[in-house]
Amino acid sequence: MFSGFNMMFPETGRTFKASYKCFSVSMLPGNEREDVENGGKIIMPPSALDTLTRLNVEYPMLFKLINNKKGRHSHAGVLEFVADEGKCYLPYWMMDNLLLEEGDILTIESVSLPVAKFSKFQPHSTDFLDITNPKAVLENALRNFACLTTGDVIAIKYNKKVYELCVLETKPGNAVSIIECDMNVEFEAPVGYKETSEQVKENIRDEVPQDHVMEEVVETFKGSGVRLDGKKKKENQLDAPVVKKIINEIEC
């Protein structure tokens, strides 16, 4: 008598799992899709939406992406369900993280992730320091992401330039949802960052003790001078100007 119960009230918490041939967004038919390339979401086929709806998968829809051949995984949200059947499309940086080639098989599984509280990033280039407000730029770029995975190297675009950042840490888990969350963000020093030569020179100058500073008096224009009109110079004009130099003695 209860045979139709599950049809009226679908079971929740059931897992979606499917395998597709994956391609980078540049292979997607039609116009270039920068909204996909500059974020952390993928494009799946319409049949995936039908299955997800029947399984009553909870929102927001988040997925674990698994490259079984290489033993790599990441996480992503979904942007649209418009891919050709049997295919899915990923941002290039995500393909790179998962060690995927065009046409490789990718397993996609629905997951539930904890809401992010904290994340730490390390820029892959010191160029990121040239941005006036890097934290604001990152937070704005992350609006195109649904989740973060520790160990991933994400790519964001700002002023027509692409910056790569490694996700060093996420809390409360190694993979977190960043949709409508209050997340604290920290930065590690960029890869290859070191003090500039000017900073090093300034530090050396500051470290020189004052008792090693000497004055060297240099007399210039020795000898008498003659006016162009042949007249004698006044006494105050015969005095040789004196220039003082400050010399720092630095023991090697």
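This structure is a prediction, so every number in the text was calculated from the model and none was measured.

Draft legend 1. The nonpolar core, seen in detail. Phe-16, Met-44, Leu-65, Leu-90 and Ile-108 are the most contacted members of the largest nonpolar core, which totals 45 residues. When we break this core down by domain, the ones giving at least three residues each are domain 1 (17–110) and domain 2 (118–187). Contacts of Leu-90, omitting those with residues within four sequence positions, involve Cys-22, Phe-23, Ser-24, Val-25, Ile-42, Leu-65, Met-95, Leu-98, Leu-100 and Leu-106.

Draft legend 2. Just the packing of aromatic side chains, in detail. Considering all chains together, one arrives at 5 aromatic pairs under this definition. Measuring from ring centre to ring centre gives 5.7 Å for Phe-128 and Tyr-163, while their planes differ by 70°; the resulting arrangement is edge-to-face. You can see Phe-128 sitting in the loop between strand E7 (118–123) and helix H5 (134–141) and its partner Tyr-163 sitting in strand E10 (residues 161–171), a full 35 residues away along the chain. Put simply, the rings of Phe-128, Tyr-163 and Phe-187 pair up and form one aromatic cluster. Note that Lys-171 overlies the ring of Phe-118, its terminal NZ or CZ placed 5.3 Å from the centroid.

Draft legend 3. Just the pairing of E10, in detail. Here 6 bridges tie E7 to E10, and the two strands are oriented antiparallel to one another. When the sheet's bridge partners are listed, Pro-123 is paired in E10 with Leu-165. Hairpin connection of strand E9 (residues 153–158) to E10: 2 residues between the antiparallel strands, including Asn-159 at a positive phi of 50°.

Draft legend 4. Up close: the sheet that holds strand E12 (residues 184–187). Spatially, 4 strands are ordered E9-E10-E7-E12 in an open sheet, and the strand pairing comes out mixed. Two strands close off the open sheet at either side, each with one partner strand: E9 and E12. Going across the sheet, the axis of each strand differs from the next one's by a mean of 35°, ignoring polarity. Both E7 and E12 contribute to a ladder of 4 bridges, which runs parallel. Directly across from Phe-118, in E12, lies its bridge partner Asn-184. Where H5 meets the sheet, it contacts E7, E9 and E12, and its direction lies at approximately 125° from that of E12.

Draft legend 5. Representation of unusual backbone geometry in the model. Put simply, Tyr-59 and Pro-60 share a cis peptide bond, and its omega is -5°. As for its position among the elements, Pro-60 is in the loop between helix H3 (46–55) and strand E3 (62–67). Lys-171 connects to Pro-172 through a cis peptide bond whose omega is 15°. Looking at the secondary structure, you find Pro-172 in the loop between E10 and strand E11 (175–177). In this model, Leu-99 sits at a positive phi of 55°, which is unusual for a non-glycine residue. Here Leu-99 is to be found in the loop between helix H4 (92–97) and strand E6 (105–111). For Leu-99, a relative accessible area of 39% gives the class partly exposed.

Parameters and conventions
- Residues numbered from 1 in each chain as written.
- Predicted model: local features only at pLDDT ≥ 70, side-chain atom pairs only at ≥ 80, totals over all residues.
- Heavy atoms only, no water.
- Core = buried A, V, L, I, M, F, W, Y, C linked by side-chain atoms within 4.5 Å.
- Buried < 20%, exposed > 50% of the residue type's maximum accessible area, 1.4 Å probe, protein only.
- Domains from an automatic or database assignment.
- Contact = heavy atoms within 4.5 Å.
- Phe/Tyr/Trp six-rings, centres within 6.5 Å; stacked < 30°, edge-to-face > 60°.
- Helix = DSSP H or I, 4+ residues; strand = E, 2+ residues; numbered from the N terminus.
- Lys NZ or Arg CZ within 6 Å of the ring centre and 35° of its normal.
- Pairing = 2+ DSSP bridges.
- Axes fitted to C-alpha atoms, helices over the stretch in contact; angles between N-to-C directions.

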